[in-house]
Each structure stands twice: as structure tokens, then as C-alpha cells.
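Each chain, written out:
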Amino acid sequence: MTGALSDCIRITGGSPLHGIIPISGAKNAALPLMIASLLTEGTVELDNVPDLTDTTTLTRLLENHGVKIESSVASQSGRRVRLKADSITSLKAPYDLVSQMRASFWVLGPLLARCGKARISLPGGDAIGNRPVDLYIKGLETMGAKITTSGGYVEAVAPHGLKGAVFRSPLVSVGVTHTLMMAATLAEGETVLENAAREPEVVDLAHCLIAMGAQIEGVGEDRLVIRGGRTLTGVHHQVPPDRIEAGTYAMAALVTGGEVELQGVETGALEAPIALLRSAGGVIEETTNGLNVRSPDTSLQGVNVQTAPWPGFPTDLQAQFMALMTCASGISEITETIFENRFMHVQELIRLGADISLQGETARVRGVEYLTGAPVVATDLRASVCLVIAGLAAKGETIINEVYHLDRGFERLEEKLGRCGASIERKQN
């Protein structure tokens with residue numbers, strides 16, 4: 001599944017991608033689904049769970065809380081994971097696990113709702129900007145929790161259980177919506193979440209919780225109504241395909257002048273990226289199995305984009321799109337509105353010959369005739385795969401260091417690209 005921290009990826013660019021790429025289960029959907037197992041004594045069985053560092057980290061954390069976890073390979077539905085939290089043995093989420101992945105912090109809601117207390121380390125994750133936990137705390141306090149922060153831990157208690165409440169988030173947050181929605185399913189009375197996130201992964205979690213017995217109205221809208229207090233049961237649920245992985249490989253095909261079929265894609269989850277890539281000249285057609293992506297006969301054209309919460313263009317594809325635009329004709333402007341530090345890949349792209357200037361939250365990209373291979377360093381998950389895309393397009397050899405970030409979110413990346421003709425291999429430094 002993963003390599004050593006010292007691993008690097010070596011790419012010799014210039015080969016168009018041609019072939020079929022199966023899309024794995026979505027990491028951003030699998031993580032909250034796994035955490036939802038804390039809400040019930042029944043068995044939560046998940047199919048199509050990606051084999052990633054993040055899912056492994058969360059497995060260790062959930063096992064720390066007493067969740068019994070078994071993993072197997074299901075022939076038609078990828079990796080199957082069974083989780084059973086019939087007995088919670090620890091209410092502490094330790095620093096060594098939570099610091100590796102921010103989503104680990106989401107266990108706060110289910111543990112507090114089910115057990116009345118929790119002690120969770122302040123989170124870690126990618127260094128892509130200031131992502132404070134104050135909204136999580138305010139939301140749970142609105143539901144009756146008493147929360148303090150001491151020694152790097154959040155200490156939360158709800159001795160009389162959580163109570164339904166109205167909470168309006170001042171900004172759209174997927175993590176906050178996940179956490180409060182899960183907590184609300186066991187809270188007494190009705191909880192209303194206003195300005196809730198509407199991302200496909202939030203919708204998927206809601207559908208899973210409903211299948212477990214929760215009462216949730218407004219799924220897919222920015223106002224969720226959860227009537228809690230019901231005992232949740234086990235469930236069998238399929239993790240949806242990863243829309244970010246699909247968008248990433250679509251851009252890799254376009255930047256190399258190739259053509260790939262992305263199998264297992266849910267096109268409804270990719271409306272904004274598909275529209276943007278078509279406006280740049282990409283030829284994208286639905287097939288019986290997913291999407292066919294083909295580069296245009298002429299060069300790609302620079303287009304502008306601004307990241308936004310769903311249904312806008314996802315921030316998790318911003319870096320990859322920037323790599324694509326470095327090789328397009330003309331000028332594109334890419335504005336990041338979600339995370340203020342999510343331009344750390346810019347300097348690495350410049351090392352490959354990209355022409356990019358930063359003006360606040362906007363990157364101005366002037367397309368160049370070609371990129372040139374060079375040693376670069378991955379700084380976070382999406383930045384690392386952005387450098388892979390650039391390396392595939394570059395002349396010569398690109399060495400991407402610190403690629404352990406990739407293993408957090410991309411399953412078998414070298415294998416999938418290699419089968420489509422990419423010259424890519426993982427090496428130990």
C-alpha cells in the first residue's frame with residue numbers, strides 16, 4: 001500500500017496516457033463512514049474502501065477506541081471493511097494518531113453523543129492553512145456540551161447527553177457538518193444545521209446514517225434537520241468513487257495529449273470540473289462505464305477558475321488544474337477561496353519551468369511551450385499529485401521527493417498511470 005518516508009517518484013515525461021483507469025473509493029467519503037461506526041453497537045460493513053495511509057491511520061484510531069475491524073477483498077466491490085463498536089474501551093484520541101490526519105478529530109461528535117465525554121487531541125493534517133476547531137466546539141456547545149482545551153487536548157463532557165439545537169455555521173465546513181450531523185443522530189430532540197456543507201461526501205454520509213435508522217431531512221441542501229434520540233443499527237454501505245481522483249486523472253490525460261477512460265465515475269459529482277475542462281478544450285464524453293477524456297487536436301486554452309464549496313470547483317483539484325494550465329495557451333487566473341496556504345506547489349511548478357505569479361489569493365498562470373524535468377518536493381497531498389501531472393508533461397526526468405503525502409489519498413497511483421503508458425516508478429532515496 002505505502003512506501004517509506006524516504007521514497008521518491010521518478011517520472012520521465014512526454015508519453016501520452018492511453019488506457020483505462022479504474023477509480024477507487026473516495027477517501028473523503030470513507031473516513032466519515034468509518035467514524036460513523038462509533039454511533040452503533042451493530043456492524044457497519046463498508047465496500048470499496050480505498051487502501052490508503054489515511055484509512056490505515058483511522059483504523060488504528062478506531063481500534064484504540066475499541067472498535068473491532070476486519071478487512072477483506074470483495075470480488076466486485078473492492079476492499080470490504082467491517083467495523084463493530086459494541087464496546088467503547090477508550091474515550092481518548094491520542095496525539096500520535098490525530099496529529100497525522102485532521103479527519104481523526106471528527107470522532108469527537110460520535111464519542112460525545114454516545115458516551116457523554118471525550119478527550120481528543122488537537123488535529124494535524126496537511127499544512128494548507130488555518131483550519132481551527134472552534135466551529136466544532138461551538139456547535140457541540142450549542143447542543144449542551146461543556147468543552148475546555150488543555151495541554152493540546154479538547155476535553156468535552158455532556159453528562160446529561162446532547163440536546164437538539166439550532167446551529168448556524170459562519171462558514172461552510174465539511175468537517176463541521178460531518179461531526180455535528182453524526183452527533184445529532186443520538187442527541188435528544190431536533191437539531192437544525194444551517195449553512196451546512198452540501199458536498200457529495202456529506203450527502204453520502206447522510207444516506208448511510210438514514211439507512212442506520214437516523215431521521216435526517218434536507219439532504220443535499222444547506223439546512224439539515226436531524227431528529228435524534230433513536231438507536232442506530234448496523235448497515236451495509238458502498239463507498240462512492242473518488243471524484244477528486246477522477247478529476248486528477250482526467251487532467252493527467254489532457255496535459256499529456258492522451259486519452260483515457262475513467263471507469264466507475266459518478267458524473268454528477270464532477271459537474272464543475274467537467275464543465276471547466278471542456279471550456280479549456282478537453283473532450284469529455286460519458287460512457288457506459290464512466291467517462292472518456294481526450295485531449296483536443298489543438299492546444300488547451302487557459303481559463304479562469306475560483307474554488308468554492310459544492311457545487312463550485314473543488315479546492316482539492318486546484319493544484320492539479322494549475323499544473324494543467326501551465327501547459328495551456330494563453331493566461332489563466334486561479335483563485336483559491338477555501339484555504340489561504342494552498343499555493344505551496346507554485347514554487348515547485350516554477351522549478352519545472354512554469355510561469356506563475358501570485359497576487360494574494362490568485363495565481364496568474366501564463367502557459368509555456370513545455371516544462372522541463374527537475375527535482376521537486378511535495379508539500380501536501382494535492383500538491384504532490386499536481387507535481388506528478390506536471391512531471392508527466394515535462395521534458396526529461398522529474399524526481400518528486402517526500403511522496404508519502406500521495407499515499408494518503410491515491411491508491412496504486414504508479415500502477416494506474418504505468419498501465420496507461422506513463423514512465424513512472426517509485427524509488428528509495
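For clarity, every value in this text was computed on a predicted model and none was experimentally measured.

Right, let's talk about the sheet that holds strand β11 (residues 190-194) for a bit. If you trace the 4 strands from one edge of the open sheet to the other, you get β10-β11-β13-β12, paired in mixed fashion. Each having just a single partner strand, β10 (166-168) and β12 (215-217) make up the two edges of the open sheet. Each neighbouring strand pair of the sheet contributes to a mean axis angle of 15°, computed without reference to strand direction. Of the pairings in the sheet, the one linking β10 to β11 comprises 3 bridges and is parallel in character. Looking at β11, one finds that V166 is bridged to V192.

The strand order across the open sheet formed by 4 strands is β22-β23-β1-β24, and the pairing between neighbours is mixed. At either end of the open sheet lies a strand with only one pairing partner, and these are β22 (375-377) and β24 (423-428). Strand-to-strand, the axes of this sheet are offset by a mean angle of 25°, without reference to chain direction. Sheet topology note: the strand β1 (residues 7-12)/strand β23 (residues 397-401) ladder contains 5 bridges and is antiparallel. Bridge pairing in β23 places I9 opposite I400. Running at roughly 170° to β23, helix α12 (residues 381-393) makes contact with β1, β22, β23 and β24 of the sheet.

Moving on: the packing of helix α4 (residues 108-115) against helix α6 (residues 174-186). One way to put it is that α4 packs onto α6 with a least axis distance of 7 Å and a crossing angle of 15°. By the angle between their axes, α4 is roughly parallel relative to α6. Handedness of the crossing formed by α4 with α6: right-handed. From α4, G109, P110, A113 and R114 reach across to α6, where they touch T179, M182, A183 and L186. Looking at the contact of α4 with α6 residue by residue, the classes come out as 5 nonpolar, 2 polar and 1 charged.

Residue alternation in strand β14 (residues 235-238) divides its side chains into a buried set, V235 and H237, and an unburied set, H236 and Q238. Inspection of the sheet shows strand β3 (residues 43-47) paired to β14 by 4 bridges, in the parallel sense. Counterpart to L46 in the pairing with β14 is H237.

When we look at burial in helix α9 (residues 271-279), the residues that qualify are P273, I274, L276 and L277. All buried residues of α9 lie within an arc of 165° about the axis, which places them on one face of the element. Of the surrounding secondary structure, the elements contacted by the buried residues of α9 are α8 (243-255), β16 (283-286), β17 (290-294), β18 (305-306) and α10 (318-325).

Let us now look at the pairing of strand β8 (residues 146-150). Both β8 and strand β9 (residues 153-157) contribute to a ladder of 5 bridges, which runs antiparallel. Among the inter-strand pairings, K146 is bridged to a residue of β9, identified as V157. If you look at the hairpin formed by β8 and β9, you'll find 2 residues sitting between the two strands, and G151 has a positive phi there, around 60°.

With that settled, consider the packing of aromatic side chains. Scanning the model with the defined rule gives 2 aromatic pairs in all. With centroids separated by 5.3 Å and ring planes inclined at 90°, the aromatic side chains of F105 and Y136 adopt a geometry described as edge-to-face. Within this pair, whereas F105 is found in the loop between α3 (95-98) and α4, its partner Y136 is found in helix α5 (residues 134-142), the two being separated by 31 residues in sequence. For the pair F105 and Y136, one class covers both residues: buried. Positioned over the ring face of Y153 is R119, at 4.1 Å from the centre of the ring.

Reading guide: rules and limits
Residues numbered from 1 in each chain as written. Predicted model: local features only at pLDDT ≥ 70, side-chain atom pairs only at ≥ 80, totals over all residues. Heavy atoms only, no water. Pairing = 2+ DSSP bridges. Helix = DSSP H or I, 4+ residues; strand = E, 2+ residues; numbered from the N terminus. Axes fitted to C-alpha atoms, helices over the stretch in contact; angles between N-to-C directions. Contact = heavy atoms within 4.5 Å. Parallel < 35°, antiparallel > 145°, perpendicular 65-115°, else oblique. Left-handed = near helix turned anticlockwise from the far one by under 90°. Nonpolar A, V, L, I, M, F, W, Y, C, P; charged D, E, K, R; others polar. Buried < 20%, exposed > 50% of the residue type's maximum accessible area, 1.4 Å probe, protein only. Arc of directions from axis to C-beta. Phe/Tyr/Trp six-rings, centres within 6.5 Å; stacked < 30°, edge-to-face > 60°. Lys NZ or Arg CZ within 6 Å of the ring centre and 35° of its normal.

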